[in-house]
Amino acid sequence: MPASRFLDCAIEAALAAGQLQRSRFDAAFSIDLKGAKNLVTELDLASEALIVEMIHARFPEHGILAEERDYPAGDGQHVWIIDPLDGTTNYAHGFPWFCVSIALAVGGELVAGVIYNPMTDELFSATVGGGAFRNGRRLSVSNRQPLAGSLLGTGFPYDCATDPENNFDHFIRFQKAARGIRRAGAAALDLAYLAAGRLDGFWEVKLKPWDVAAGTLLVREAGGMATAFDGSAYDVTNHRILASNGQIHNEMIALLAEKEKP
């Protein structure tokens, strides 16, 4: 089946979920805790239900891997990887930086991905071998180098106050080495911005497949690189991701390899 058919479904679902989120952004909604700092809102749950319903209406045999609920494995070959609202903390605080992220893996390979920012109405999309696009316009990563002239993105895990694997050391090193770092609170959008040439590099720890699946495909299809911290092959089950325009990748690998402080 052509990847474009899968992409069309992902786009429709992302736009529908994004419209729902935008319509409720300034309204009252319930907020619960999944952890000490990990929030979930009723819009996370409603968006996920809407996306899954739209996907299963077309592809009832497909499996779902999503952030908020568990779903049947499906046919074992087709797995939709969904973050219905990446940037939940931002959304809950009225900070307008969040997105819908939907990807499809077939036999373990990412074949289609969509990231939608409802507040800017920017739709980032990609298919394997078909390139990456923003609102229909082809994307390409930046060619900025060296690291000293680059703008990076990152984030911190929810348990950063209690777990030594918190990204603090890496952040300090990169802050000293790069032109600047942005920590906006939605990894999927960071990766989309990297694919669009707005960021030059990105790294983070403890991310889940739904945080990175669509963004990884976007970066690669825009001509960038996505690897493990040491430059080895990366898949979305690896909790450490390094992505870049390719020009500064080796510099970032070298910095990440420096011994972490206890």
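Residues numbered from 1 in each chain as written. Predicted model: local features only at pLDDT ≥ 70, side-chain atom pairs only at ≥ 80, totals over all residues. Heavy atoms only, no water.

Brief notes about the overall build of the chain
Helices and strands together make up the secondary structure of the chain, namely 7 helices and 14 strands. Here the C-alpha atoms of the chain give a radius of gyration of 17 Å, agreeing with the 18 Å that 2.2 N^0.38 yields for 262 residues. Seen through its C-alpha atoms, the chain measures out along the principal axes to roughly 50 × 40 × 35 Å. Taken over 262 residues, the chain has a buried fraction of 52%. Long-range pairs, those at least 24 residues apart, make up 63% of the contacts in the chain with a sequence separation of at least 6. When the accessible surface of the chain is totalled, it reaches about 11400 Å², and 52% of it is carbon and sulfur. (Helix = DSSP H or I, 4+ residues; strand = E, 2+ residues; numbered from the N terminus. Rg over C-alpha atoms; globule rule 2.2 N^0.38 Å. Buried < 20%, exposed > 50% of the residue type's maximum accessible area, 1.4 Å probe, protein only. Contact = heavy atoms within 4.5 Å. Areas by Shrake-Rupley, 256 points an atom, 1.4 Å probe, with all protein chains shown as cover.)

Quick word on helix 5 (residues 187-195)
Within helix 5, 9 of the 9 residues are buried, which leaves the element mostly enclosed by the surrounding structure. Buried within helix 5 are the following residues: Ala187, Ala188, Leu189, Asp190, Leu191, Ala192, Tyr193, Leu194 and Ala195. Of the residues one or two after helix 5, Gly197 is the one with positive phi, at around 85 degrees.

What about helix 6 (residues 209-221)?
Across its 13 residues, helix 6 extends 18 Å between first and last C-alpha, which sits within 8% of the 18 Å expected from 1.5 Å per residue. Of all 13 residues in helix 6, 12 are buried; the element is thus mostly enclosed. Turning to helix 6, its buried residues are Pro209, Trp210, Asp211, Val212, Ala213, Ala214, Gly215, Thr216, Leu217, Leu218, Val219 and Glu221. (Expected span 1.5 Å × (residues − 1).)

A look at the packing of helix 5 against helix 6
Running from N to C, helix 5 and helix 6 cross one another at 0 degrees; their axes reach a closest spacing of 8 Å. In this view, helix 5 runs roughly parallel relative to helix 6, as classed from their interaxial angle. Contacts between helix 5 and helix 6 involve Ala187, Ala188, Leu191, Ala192, Leu194 and Ala195 from the former and Asp211, Val212, Gly215, Thr216, Leu218 and Val219 from the latter. Across the contact of helix 5 with helix 6, the residue classes break down as 9 nonpolar, 2 polar and 1 charged. (Axes fitted to C-alpha atoms, helices over the stretch in contact; angles between N-to-C directions. Parallel < 35°, antiparallel > 145°, perpendicular 65-115°, else oblique. Nonpolar A, V, L, I, M, F, W, Y, C, P; charged D, E, K, R; others polar.)

Some words on the sheet that holds strand 13 (residues 225-227)
A sheet is described by the order of its strands in space; here 5 strands give the open sequence 11-10-12-14-13, paired in mixed fashion. Looking at which strands have only one partner, the edges of the open sheet turn out to be strand 11 (180-182) and strand 13. On average, each strand axis in the sheet is tilted by 20 degrees relative to the strand beside it, whichever way the strands run. With 2 bridges joining them, strand 10 (residues 151-153) and strand 12 (residues 201-205) adopt parallel strand pairing. Paired with Leu152 across the strands is Gly201, a residue of strand 12. Its contacts with the sheet place helix 6 against strand 13 and strand 14 (240-244), and it is angled at close to 30 degrees to strand 14. (Pairing = 2+ DSSP bridges.)

Comments concerning the layout of surface pockets
Considering only enclosed or pocket space, the second largest pocket measures out at about 270 Å³ in volume. Lining of the second largest pocket is provided by 17 residues; of these, Gly108, Glu109, Leu110, Asp235 and Val236 occupy positions nearest its centre. Taken together, the residues that form the lining of the second largest pocket break down as 10 nonpolar, 3 polar and 4 charged. (1 Å grid on protein atoms, 1.4 Å probe; cavity = no way out; pocket = protein on both sides within 12 Å on 5 of 7 lines; lining within 4 Å. Points joined across faces, edges and corners; volume = space filled by probe spheres on them.)

Scope: geometric values only; no functional claims are made or implied.
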